[in-house]
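Each chain, letter by letter, is given below.
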Amino acid sequence: MASNPAVELSVSMQTGSRSRSIREANLTRLFAPRSIAVVGASNGPSKAGHHALKALAGFSGEVWAIHPRENEVLGRPCARDLSQLPHPVDLAILAIPSHACADAVEQAAAQGVGAVWIIAGGFGETGETGARLQERIRDTCARSGMRLLGPNTSGFIHPAADCMACFVPGTDRLRHGQVAVVAQSGGVNLSIAFLLDRLGHGVSLAVGLGNAVDVDAAATVEWLVEDPNTQAIALHLEGVTHGRRLYDMLRRVTPRKPVVALVAGRCDVGEFAQSHTGSLMGSRDRTVAALRQAGAVVVDSTEELAQAAAVLSMTRLGATAQARFGLVTGQAGPGLLIADGLMAQGLPLPELSCASQARVESLLPPLTFVKNPVDTGRPGPNFPLVVQAVGEDPQIDAVLVFGLHEPDVLQPVDTLVPVAKALGKPLLFGSLGLEPDLLPLRQALRAAGLPMAEGPERLVSAARALAADAQAQWRLATQAEALCAAASAPPAPPLPRTLDEDGAKHLLEQHGLATPRRRRCTTHDEAHRALAEFGGPVVAKIASSEVLHKTEAGGVHLNIGTPVQLNTALAALDRIPLSGARAYVLEQMAPPGLDLIIGAVRDPSWGPCVMVGLGGITAEALRDTAVRLAPVSAEDVQEMLQSLRGAALLDGFRGLPRCDRSAIADAVLALARVMDAHPEVREIEVNPLRVYAHGALALDALVVTREIGS
């Protein structure tokens, strides 16, 4: 009987849907288990299985100890293996050597266990043997739908479920909070959890992903978005295997719950070294760009990560392109530091309206500063009214309040809570004092829903997180339509396996990028006819896909105006060793302008990305570039340009031409369209892109292709 493709497709879709449903249910069995078995439970205090079992002392569900030779571990009866348990457990913790884990995982899958957590290292991170072991475990989980945390991680902490699935002593005392921590490193996971605990916030879930063979950052964050105990997510990444999936998921999650991210590897410039673009678009740059585009707030330290996530778990600004802060300070010196820090971060302190200034003046003694910041002098009884007056100004989106701890002068809980509730705007409080004095203050403010930061710098950091989150959400909301339009390139026929400069420029021209007038020549006579036709200075270049960087190979000769000069240049080009056919490109010399570099690369994790930066021969030395995931909008490119350290060069700096930023945006969008239309394009580099007051020209172009499926 002939098969029915429609029926086969329907069955396949149903099977896929059922498999996804099983995997989703088993993820909940992992993070919110009702029964746990510790395989490798031990009475020896030096063993991970000892501490993993001990940490579960407060767990309200069933706990089983598994050991082939013991009858009892830490006072609990011990089974020989998982098959001896009366029913399948939700979570099996494997505290056993790596070489024994694959068999244990297969047994767990056969017994219907929902998830396993592997503590041991010795897998993909150690070499080929460990990678084969890891792949076997991955295959078992994929077939069965069982979820895997790790290997090579310290586990997770879920206080709301009374589940401390972690072998590190002391984690069972971490308090319950509203911030979830998702960290690639188990050690970083615990570091952030401890920092949150110090801030008085605690965690809703804190998980170390380890090798993330199955359960990765995307899966965990997606699970957390439905967790009622989680109001904000702190994310730590070292490397991302399925970046585009994480990006797409975060675009859905961040409008609902704020995500703050810390990315390791500042010195990593990626694995690509064949061209300038590959070197300049390092993997960390792409990760940071993707996270920001997806709506996450990116920070540079674990302290910032904990502080920002704590603040955003309690309050959040509405989407806005530029958050505007009012600052009320009880001491001028700290106020100056805060104002300076805000301005250094590009966060404006707009001058209060005349009406607001008059209102504030009526509440304060003479000689105080009332424009914004408002310096009250030593806080007095009218302090909360001053805060209210500043917060009610229509120019202000959020209020920052700083005062050294002086309980006899200012009682912030009693005075500021009613003001904050009446304003309906975020109010961040900053203070400093002796720890015994600040502890009850911090606890009282947190109970009232008011974030507190200790010190001027931390208050600035909290404000930056609030503003970055609001701007990210504004960007997501306003650019969705533009991004859909940008990703609608029609399908195109495949490109040749190799492209020389002429072929690369022809491709870019088809997508809207302007280039100088040129001729491709295969003989010296053709080159001389082209020179006569152009009638002016030209550039002579080698035309070969074998030469990626023509300048270094002696393949570019400038300012050729006579037949003699052309003969000299052609002779030099003929000395470049090639295995294939030889050709030349003669191109009209372009007028002077500002040189930029633009490029695109198809990252194996994040997919197509685009880049813009200062170009020419200084591109690699200066490394002043900005990266975004494609598709991008014109607004994205303008943000990229403004983020460059040398952005002032675009605006007529010291006699340079004022650059046509719209033309630059059009050029970058053209590269994004090429990447969308041609999945076989691996990399594009235009260096330089010469920019003028009106328009821009691609003076050199490199396109690297690959065969689909290779």
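Everything below is about the structure shown above.
Residues numbered from 1 in each chain as written. Predicted model: local features only at pLDDT ≥ 70, side-chain atom pairs only at ≥ 80, totals over all residues. Heavy atoms only, no water.

Focus on the side chain of Ser356
Note the following rule: The numbering of helices and of strands both runs from the N terminus, where a helix is a DSSP run of H or I of at least 4 residues and a strand a run of E of at least 2. Whether two residues are in contact is decided by their heavy atoms, any of which lying within 4.5 Å being enough.
Assignment of secondary structure puts Ser356 in helix α12 (residues 354-363). Leaving out residues up to four positions away in the same chain, Ser356 has contacts with Ala389 and Asp393.

Quick notes on the pattern of salt bridges
Our working definition: One side-chain nitrogen of Lys or Arg within 4 Å of one carboxyl oxygen of Asp or Glu is enough to make a salt bridge. Each residue is assigned to one of three classes by its accessible area relative to the maximum for its type, calculated with a 1.4 Å probe on protein chains only: buried under 20%, partly exposed between the two thresholds, exposed over 50%.
Inspection of the entire model under this criterion finds 35 salt bridges. The closest approach of N and O atoms between Glu303 and Arg458, which form a salt bridge, is 2.8 Å. Taken together, the positions of Glu303 in helix α10 (residues 302-312) and Arg458 in helix α16 (residues 456-486) put the pair 155 residues apart, joining distant regions of the chain. According to the relative accessible area criterion, Glu303 is partly exposed, its value standing at 39%. Overall, Arg458 belongs to the partly exposed group, its relative accessible area being 28%. Where Arg359 meets Glu392, a salt bridge forms, and the shortest distance between an N and an O atom there is 2.7 Å. Taken together, the residues Arg359 in helix α12 and Glu392 in the loop between α13 (383-391) and β17 (398-402) connect sequence positions 33 residues apart. We classify Arg359 as partly exposed; its relative accessible area is 35%.

What about the side chain of Thr140?
Summarising the element assignment, Thr140 is placed in helix α4 (residues 128-144). Leave out the neighbours within four places in its chain, and Thr140 touches Val105, Glu106 and Ala109.

Side note on the packing of helix α7 (residues 243-253) against helix α9 (residues 283-293)
Which entries qualify depends on this criterion: What counts as an axis is a line fitted to C-alpha atoms, over the stretch in contact for a helix, and the angles between N-to-C directions run from 0 to 180 degrees. For classification purposes, an angle smaller than 35 degrees is called roughly parallel, one larger than 145 roughly antiparallel, one from 65 to 115 roughly perpendicular, and anything else oblique. Crossing handedness is defined as follows: a turn of the near helix away from the far one that is anticlockwise and smaller than a right angle gives a left-handed crossing, while the clockwise case is right-handed. Asp, Glu, Lys and Arg are counted as charged, while Ala, Val, Leu, Ile, Met, Phe, Trp, Tyr, Cys and Pro are counted as nonpolar; the rest, among them Gly, fall into the polar class.
Contact geometry for α7 and α9: axes closest at 8 Å, N-to-C directions at 25 degrees. The angle between α7 and α9 places the two elements in the roughly parallel class. α7 and α9 meet at a crossing whose hand is right-handed. From α7, Leu246, Tyr247, Leu250 and Arg251 reach across to α9, where they touch Ala290, Leu291 and Gln293. A class-by-class count of the residues in the contact of α7 with α9 yields five nonpolar, one polar and one charged.

Focus: the state of the cysteines
A covalent bond between the sulfur atoms of two cysteines is what we call a disulfide. Using the following cut-off: Cysteine sulfur atoms are paired as a disulfide whenever they fall within 2.5 Å.
Tallied over the full model, the rule gives zero disulfides. Note on Cys163: no disulfide assigned, nearest cysteine sulfur contributed by Cys166 at a separation of 10 Å.

Here's the deal with the sheet that holds strand β4 (residues 76-79)
Which entries qualify depends on this criterion: Strands qualify as paired when DSSP identifies two bridges or more between them.
With mixed pairing, the seven strands of this open sheet are ordered in space as β3-β4-β2-β1-β5-β6-β7. Each edge of the open sheet carries a strand with a single partner, namely β3 (72-73) and β7 (147-149).

Details of the environment of Glu125
Along the chain, the position of Glu125 falls in the loop between β6 (115-118) and α4. With relative accessibility at 38%, the residue Glu125 sits in the partly exposed group. C-alpha separation for the pair Glu125 and Asn211, spaced 86 residues apart in sequence, amounts to 7.6 Å. If we ignore the near neighbours within four places in the chain, the residues touching Glu125 are Asn152 and Asn211.

Looking at the pairing of strand β9 (residues 163-166)
Across the two faces of β9 the burial is the same, with Cys163 and Ala165 and Met164 and Cys166 all buried. Inspection of the sheet shows strand β8 (residues 155-158) paired to β9 by four bridges, in the antiparallel sense. Each residue of the ladder has a partner; that of His158, found in β9, is Cys163. The turn linking β8 back onto β9 is made up of four residues, and Asp162 within it adopts a positive phi angle of 55 degrees.

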